[in-house]
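# Structural characterization, general
The chain contents come next:
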Amino acid sequence: MSSLSFERTQSVAIVGGGPGGYEAALAAAQLGADVTLIERAGVGGSAVMTDVVPSKSLIATADAAVAISEAGDLGVQFYAKGEHGRPLKPQVAINLAAVNKRLLSLARQQSDDMRTSLVEAGVKIISGHGRLEGDHAVIVSTDEGGTDFDRIEADTLVVSVGASPRRLPSAMPDGERILTWTQLYDMKALPEHLIVVGSGVTGAEFASAYMNLGAKVTLISSREQILPSEDRDAAAVLEKVFKRGGMSVMNKSRAQGVERTADGVLVTLADGRTVEGSHCLLAVGSIPNTAGIGLAEAGVQLTDSGHIAVNRVARTSVPNIYAAGDCTDFLPLASVASMQGRTAVFHALGDIVIPLEQRRITANIFTAPEVASVGFSEQDVLDGKINGVVHKLPLASNPRAKMIGMKDGFVKLIARQGSGTVIGGVIVAPRASELIYPIAIAVERRMTVDQVSRVFAVYPSLSGSITDAARAMHLVNRDDAIL
Ligand SMILES: Cc1cc2nc3c(=O)[nH]c(=O)nc-3n(C[C@H](O)[C@H](O)[C@H](O)COP(=O)(O)OP(=O)(O)OC[C@H]3O[C@@H](n4cnc5c(N)ncnc54)[C@H](O)[C@@H]3O)c2cc1C
């Protein structure tokens, strides 16, 4: 383990033990600092306890259900022998109680593993609610009543307190029928009819998962298309797949209120229409957990939405206070939170720092199919933010896609006009989260489409479509290029 030499040991106090705080703590311990992490719920944060780990584990079950239901296309048949030896076609059934038990246990396990890693690295963990006292101390209330306090002084403070589901006064969650995503895992059986309010990433992922688990799903979107901030072609593919799977997608429909009925929920739309279902999931965004923790008093600048304003090394307006993750005004992704946490500590403790750049960030939407993206988008090109050329290659023409029975998806590459440097990409496919990596490397290393096209891809493979798309962009540096 390397350690930088300081005149005296530096101390770092971190509030919040999600991906941002966890990575900050590990990096600080590695650099030889005296590290205290304050966490009020569980190490791993919302990412591990309620957001990423449980949702992606649920989606793994949904993917298995899809694989079974589509296996027939490849000639796989399931049957049981009925009366007189006649074949019976069995149905796929989901035991949601068992699924939820599994994913909550995975979350606990992951949280325990992370706590162990911190302890082994020498991080002191304090369980309690932290609040800044000035710019060099954190007060921690360590009991429920808030009467027992610890006071931690540190040279550097890192705030990584995350965010919580946004609640609407006209649609208050009750934990039984009207739910935020943190309350989904108490359901004992599949909802008969789940109404998902909000068609951003979280809404789309859960709508896709519950549909594929066998629930009737209605997705209510206030915009013209679901996933309004994502690639339009990708959103169109998903909408088509959702509708084909039986989902009711209600675009241009703003939900105004949600209330309980005798045996379900009633969603009222802004235009007076109503939708009845058994359960309602509210996926209408998050609010940062930044209120009442002494940030403004310490001089930390907040945005109008309550997020902490940070620069590209995760530093706030106060020189020795850093912030990482969903509580900042950067992108709300676990991978970004981790990177910000590490960057903050490297900067504070004088290690090598590479400032964060949005153009390098890779993201994925875990629907079926998945939507992975990196770098600049086609919309950025259309808006004139960057002089780029876009090429889209449907995966239907890919031989491997045909062999595995894949029906939907595409590879899209975005390159700079003139140089042909790859500046972005989108992949819609099963496991797009794994397939995007070569494009992310191309973006990071500023490779040209010609360089990407020369890389050997396995035949047959889905990644072959990445080299095919790059090859099709060979003439990207010519003004008369037709792509
Ligand atoms: C349903 C869902 C699925 C997601 N899936 C993905 C995904 O697949 N990939 C991805 O990259 N991102 C995903 N995200 C986003 C990801 O969960 C967040 O970006 C990530 O959790 C941010 O990490 P964080 O450290 O900022 O905050 P958190 O994970 O929220 O952790 C913050 C921690 O701070 C603690 N805390 C808060 N206030 C205090 C206080 N005053 N004192 C002490 N402790 C405090 C909290 O208890 C919490 O443990 C998903 C989000 C949702 C909602």
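Residues numbered from 1 in each chain as written. Predicted model: local features only at pLDDT ≥ 70, side-chain atom pairs only at ≥ 80, totals over all residues. Heavy atoms only, no water.

## Some words on the domain arrangement of the protein
Size of an interface, as often reported, equals the accessible area lost when the parts are brought together. Once the domains are mapped, the protein shows domain 1 (11-48 + 101-165 + 287-357), domain 2 (178-284) and domain 3 (369-477). Relative placement of domain 1 and domain 3: their C-alpha centres are 36 Å apart. (Domains from an automatic or database assignment.)

## Remarks on the site of the ligand
The environment of the ligand is made up of 38 residues, and the closest members are Glu 39, Lys 56, Gly 130, Asp 326 and Ala 334. With respect to the ligand, the backbone of Pro 332 contributes an N or O atom lying 3.5 Å from an oxygen atom. Out of a free accessible area of 990 Å², the ligand has 93% covered by protein chains. Among the secondary structure elements, those contributing two or more residues to the shell around the ligand are helix H1 (19-30), strand E2 (34-39), helix H2 (45-49), helix H3 (52-70), strand E6 (129-133), helix H5 (201-213) and helix H7 (334-348). Of the residues assigned to the shell around the ligand, the class counts are 17 nonpolar, 16 polar and five charged. A domain-level breakdown of the shell around the ligand finds at least three residues from each of domain 1 (11-48 + 101-165 + 287-357) and domain 2 (178-284). (Near = heavy atom within 4 Å. Polar contact = N/O pair within 3.5 Å; in protein donor to acceptor, adjacent residues only side chain to side chain. Areas by Shrake-Rupley, 256 points an atom, 1.4 Å probe, with all protein chains shown as cover. Helix = DSSP H or I, 4+ residues; strand = E, 2+ residues; numbered from the N terminus. Nonpolar A, V, L, I, M, F, W, Y, C, P; charged D, E, K, R; others polar.)

## Examining the nonpolar core
Judged by nonpolar contacts, the single largest core of 39 residues is most densely connected at Leu 58, Leu 184, Phe 206, Tyr 210, Val 217, Phe 242 and Met 247. The set of elements that each furnish at least two residues to this core consists of H3, helix H4 (96-120), strand E12 (193-197), H5, strand E13 (216-220), helix H6 (232-244) and strand E25 (422-429). No other element matches the seven residues that H5 contributes to this core. There are two domains that each give this core at least three residues, and those are domain 2 (178-284) and domain 3 (369-477). Excluding anything up to four places from it in sequence, Met 247 contacts Ala 207, Ser 208, Met 211, Val 217, Leu 219 and Phe 242. Residues Leu 393, Met 406, Leu 413 and Val 422 belong to the second largest nonpolar core, which totals 29 residues. (Core = buried A, V, L, I, M, F, W, Y, C linked by side-chain atoms within 4.5 Å. Buried < 20%, exposed > 50% of the residue type's maximum accessible area, 1.4 Å probe, protein only. Contact = heavy atoms within 4.5 Å.)

## Points about the pairing of strand E18 (residues 279-282)
Covered by surrounding structure in E18 are His 279 and Leu 281 together with Cys 280 and Leu 282, the residues of both alternating faces. The pairing of strand E11 (residues 178-179) with E18 spans two bridges and is parallel. Each bridged residue has a counterpart across the sheet, and for Leu 179 the counterpart in E18 is Leu 281. Judged from the four bridges that link them, E12 and E18 form a sheet pairing that is parallel. From the neighbouring strand, Ile 195 faces E18, where its bridge partner is Cys 280. (Pairing = 2+ DSSP bridges.)

## Re unusual backbone geometry
Cis geometry is found at the peptide bond from Ala 368 to Pro 369, where omega equals 0 degrees. In this structure, Pro 460 follows Tyr 459 across a cis peptide bond, with omega equal to -10 degrees. Structurally, Pro 460 can be placed in the loop between helix H12 (449-453) and helix H13 (464-472). Its identity is not glycine, yet His 84 carries a phi of approximately 55 degrees, on the positive side. For His 84, a relative accessible area of 72% translates into the label exposed.

## Focus: the packing of aromatic side chains
Tallied over the full model, the rule gives one aromatic pair. A cation sits over an aromatic face here: Lys 392 above Phe 410, 5.0 Å from the ring centre. (Phe/Tyr/Trp six-rings, centres within 6.5 Å; stacked < 30°, edge-to-face > 60°. Lys NZ or Arg CZ within 6 Å of the ring centre and 35° of its normal.)

## Some words on the sheet that holds strand E20 (residues 321-323)
Strand order in the open sheet formed by five strands is E5-E2-E1-E9-E20, and the pairing between neighbours is parallel. Edge positions in the sheet fall to strand E5 (124-127) and E20, since each of these pairs with one other strand and no more. Strand-to-strand twist of the sheet, defined as the mean angle between neighbouring strand axes without regard to direction, takes the value 20 degrees. In terms of strand pairing, strand E1 (residues 11-15) meets E2 through five bridges, oriented parallel. Its bridge partner being in E2, Val 15 is matched across the sheet by Ile 38. Docked against the sheet, H1 engages E1, E2 and strand E9 (156-159), running at close to 165 degrees with respect to E2. (Axes fitted to C-alpha atoms, helices over the stretch in contact; angles between N-to-C directions.)

## Considering the pattern of salt bridges
Tallied over the entire structure, the rule returns 23 salt bridges. Lys 412 is paired through a salt bridge with Glu 378; the nearest N and O atoms lie 2.5 Å apart. Of the two residues, Lys 412 sits in strand E24 (residues 410-416) while Glu 378 sits in helix H8 (residues 378-382), which places them 34 residues apart along the sequence. A salt bridge links Lys 385 to Asp 380; the nearest nitrogen and oxygen atoms lie 3.4 Å apart. Shared partners join several salt bridges into a network, and the residues in it are Asp 231, Asp 233, Glu 378, Lys 392 and Lys 412. (Salt bridge = Lys/Arg side-chain N within 4 Å of Asp/Glu carboxyl O.)

## With respect to the environment of Ser 170
Residue placement: Ser 170 occurs in the loop between strand E10 (163-165) and E11. Residues in contact with Ser 170, not counting those within four places in the same chain, are Gln 256, Gly 257 and Val 258.

## Structural notes on helix H11 (residues 437-444)
Three or more residues of H11 are buried, namely Ile 439, Ala 440, Ala 442 and Val 443. One face of H11 carries all of its buried residues, which in axial projection span an arc of 160 degrees. Looking at the buried positions of H11, the neighbouring elements they touch are strand E21 (362-365), strand E22 (370-375), E24, E25, H12 and H13. (Arc of directions from axis to C-beta.)

## Brief notes about a nonpolar patch on the surface
Nonpolar side chains collect at one region of the surface, where Ile 68, Leu 74, Val 76, Phe 78 and Val 92 lie side by side and expose about 440 Å² of accessible area between them. Along the chain, Val 76 turns up in the loop between H3 and strand E3 (80-81). A relative accessible area of 40% means that Val 76 is categorised as partly exposed. (Patch = residues over 30% accessible without salt bridge, like charges linked within 9 Å, V, L, I, M, F, W, Y side chains within 5 Å.)

## Topic: the sheet that holds strand E14 (residues 248-250)
Pairing within the open sheet is parallel, and its five strands lie in the order E11-E18-E12-E13-E14. Every interior strand has two partners, whereas the edge strands, E11 and E14, have only one.

## Observations regarding the pairing of E12
Where burial is concerned, most of E12 is hidden: five out of the five residues are buried. Judged by which residues are buried, E12 turns out to be covered on both faces: His 193, Ile 195 and Val 197 on one side and Leu 194 and Val 196 on the other are all buried. Pairing geometry for E12 and E13, over five bridges, is parallel. Paired with Val 196 across the strands is Leu 219, a residue of E13. Chirality of the crossover, the property in question, places the unit of E12, H5 and E13 among those that are right-handed. (Right-handed = clockwise from strand over helix to strand, strands pointing away.)

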